[in-house]
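Structural description and commentary
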Amino acid sequence: MGLRAYQILTCVSFFVLFPVIHCWGNDGHVAVCRIAQSRLREAAADAVKQLLPESADNDLGSVCTWADHVKFHYHWSSALHFIDTPDNLCTYQYNRDCKDEDGVKGRCVAGAINNYTTQLLSYNSASSSHSEYNLTEALLFLSHFIGDIHQPLHVGFTSDRGGNTIDVHWYTRKQVLHHVWDNNIIETAEERFYNSNIDGLVDAIQQNITTDWADLVKKWETCSANNTACPDVYASEGIKAACDWAYKGVSEGSVLEGAAGQLILMLASLEI
Ligand SMILES: [Zn+2]
């Protein structure tokens, strides 16, 4: 069994054995991927089905956190999960901000979304069976990074590493701010509103897409009119949301609570 197959299997086994474990790493990504897969047109749905590993049983959500698990083997990929922007500016610019710690351009989550989208567009070309790319990995990376870029603090300030160095309390629990947004908000929403059940959260978002947010769907679809993907739009929205919500009024030691309902609704709308 190849290393990749082993990693996927480990990842899948983990969820099978411990299905009640809640973390954004799981549930946020799973929700994004399940909703995305349910909205694919037929040709795209067929391609995803072909590309998914057999162990995923045609469930994109089941392998949506694969990219987090392989960070430790594919060290080069860790810079692809986020973007550091200048402190307190609350703006994002691809040419200025999309780079890794060594300054290599394009190595950020927006660059990765462009790259893996381009790779996946080769799926239908005549040479796809001999593609120079591993399109299964491209699919798993792309679907994960689309989730990451919509978590506001994945496009955060450089000096606090997207809230990773800011200690806060989520109610009584000590956490870093980044983790609150990765994990606790969704976990609390599931506990309070959806019986600790991710299906309830996914259903509620699907419901909103067909009703309250129906007008927005057209906007989401047309942002790619001239581009293969729209990561710069998402990243700009992300750092703005980080400033308006995640960083706002928060300092070392802040206690975060109470407004969870609002935060959750806002986050849910961002995650589509
Ligand atoms: Zn990630």
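Residues numbered from 1 in each chain as written. Predicted model: local features only at pLDDT ≥ 70, side-chain atom pairs only at ≥ 80, totals over all residues.

1. Structural notes on the overall build of the chain
For the record, the criterion: Only DSSP runs of H or I with at least four residues qualify as helices, and only runs of E with at least two residues qualify as strands; both kinds are numbered from the N terminus onward. To sort residues by burial, count the other C-beta atoms lying within 10 Å of each one's C-beta; a count of 20 or more means buried, 12 or fewer means exposed, and anything in between means partly exposed. C-beta atoms are built from the backbone. Contact definition: two residues whose C-beta atoms, as placed from backbone geometry, lie within 7 Å.
When you go through the chain residue by residue, the secondary structure sums to twelve helices and five strands. Classification of the 272 residues of the chain by burial places 35% in the buried group. Long-range pairs, those at least 24 residues apart, make up 71% of the contacts in the chain with a sequence separation of at least 6.

2. Some remarks on the confidence of the model for the chain
Under the convention used in this document: A residue's pLDDT is the confidence the predictor assigns to it, expressed on a 0 to 100 scale.
On average, residues of the chain score 86 in pLDDT, and 83% of them are at 70 or above. Counted against residues more than four places away or in other chains, residues 1–24, with its pLDDT under 50, gives 26 contacts.

3. Quick notes on the pairing of strand 3 (residues 167–170)
What counts here: Only strands that DSSP links by at least two bridges are regarded as paired with each other.
Only one face of strand 3 is covered, namely the face carrying Val168 and Trp170; the face carrying Asp167 and His169 is uncovered. Two elements, strand 3 and strand 4 (residues 173–176), share four bridges in a ladder whose sense is antiparallel. What sits directly across from Val168, in strand 4, is Gln175. Between strand 3 and strand 4, which pair antiparallel and follow one another directly, the connecting turn spans two residues, one of which, Tyr171, has a positive phi of 55 degrees.

4. Focus on the packing of helix 6 (residues 109–120) against helix 11 (residues 231–246)
The condition is simple: Every axis in this analysis is a line fitted to C-alpha atoms, fitted for helices over the stretch in contact. Angles between the N-to-C directions lie between 0 and 180 degrees. Reported orientations rely on four angle classes, namely roughly parallel under 35 degrees, roughly antiparallel over 145, roughly perpendicular from 65 to 115, and oblique for the rest. Crossing handedness is read from the near helix: turned anticlockwise from the far helix by less than a right angle, it gives a left-handed crossing, and turned clockwise, a right-handed one. In this classification, Asp, Glu, Lys and Arg are treated as charged, Ala, Val, Leu, Ile, Met, Phe, Trp, Tyr, Cys and Pro as nonpolar, and every other residue, Gly included, as polar.
Viewed as axis vectors pointing N to C, helix 6 and helix 11 meet at an angle of 155 degrees, and their least axial separation amounts to 9 Å. Considering the angle they form, helix 6 stands roughly antiparallel to helix 11. In this structure, helix 6 crosses over helix 11, and the sense of that crossing is right-handed. Residues Val109, Ala110, Ile113 and Asn114 of helix 6 form the contact with helix 11, whose own contacting residues are Pro231, Asp232 and Ala235. Residue classes in the contact of helix 6 with helix 11 are distributed as five nonpolar, one polar and one charged.

5. Thoughts on the packing of helix 6 against helix 7 (residues 135–149)
The relative placement of two packed helices comes down to the angle between their axes together with the axis-to-axis distance. Closest axis-to-axis distance for the helix 6/helix 7 pair is 9 Å, and the angle between their directions is 145 degrees. In terms of crossing hand, the pair formed by helix 6 and helix 7 is left-handed. The residues of helix 7 that touch helix 6, namely those facing Val109, Ala110, Ala112, Ile113, Tyr116, Thr117, Gln119 and Leu120, are Leu135, Ala138, Leu139, Phe141, Leu142, Phe145, Ile146, Asp148 and Ile149. Among the residues making up the contact of helix 6 with helix 7, the classes are represented as 14 nonpolar, two polar and one charged.

6. Concerning the sheet that holds strand 4
Reading across from one edge, 4-3-5 is the order of the three strands in this open sheet, with mixed pairing throughout. Edge positions in the sheet fall to strand 4 and strand 5 (255–256), since each of these pairs with one other strand and no more. As paired elements, strand 3 and strand 5 share two bridges and run parallel to each other. Bridge pairing in strand 5 links Trp170 to Leu256.

7. Digging into unusual backbone geometry
The phi torsion of most residues other than glycine is negative, and most of the peptide bonds are trans. Its identity as a non-glycine residue notwithstanding, Asn88 has a phi of 65 degrees, on the positive side. In this structure, Asn88 sits in the loop between strand 1 (83–85) and helix 5 (94–97). A positive phi is found at Asn195, a non-glycine position, where the angle reads about 55 degrees. With 10 C-beta atoms counted inside 10 Å, the residue Asn195 sits in the exposed group.

8. As for the nonpolar core
Keep this limit in mind: Only buried Ala, Val, Leu, Ile, Met, Phe, Trp, Tyr and Cys residues enter a nonpolar core, and they are joined through C-beta atoms within 7 Å.
By size, the foremost hydrophobic cluster in this structure holds 57 residues, and its most contacted members are Ile83, Val109, Ile113, Leu142, Phe145 and Ile149. Elements supplying a minimum of two residues to this core: helix 2 (24–38), helix 4 (66–69), helix 6, helix 7, strand 3, helix 8 (177–193), helix 9 (198–210) and helix 11. Take this core: its biggest share by element is eight residues, from helix 7.

9. Examining the environment of Tyr247
Assignment of secondary structure puts Tyr247 in the loop between helix 11 and strand 5. Separated by 81 residues in sequence, Tyr247 and Ile166 place their C-alpha atoms 9.8 Å apart.

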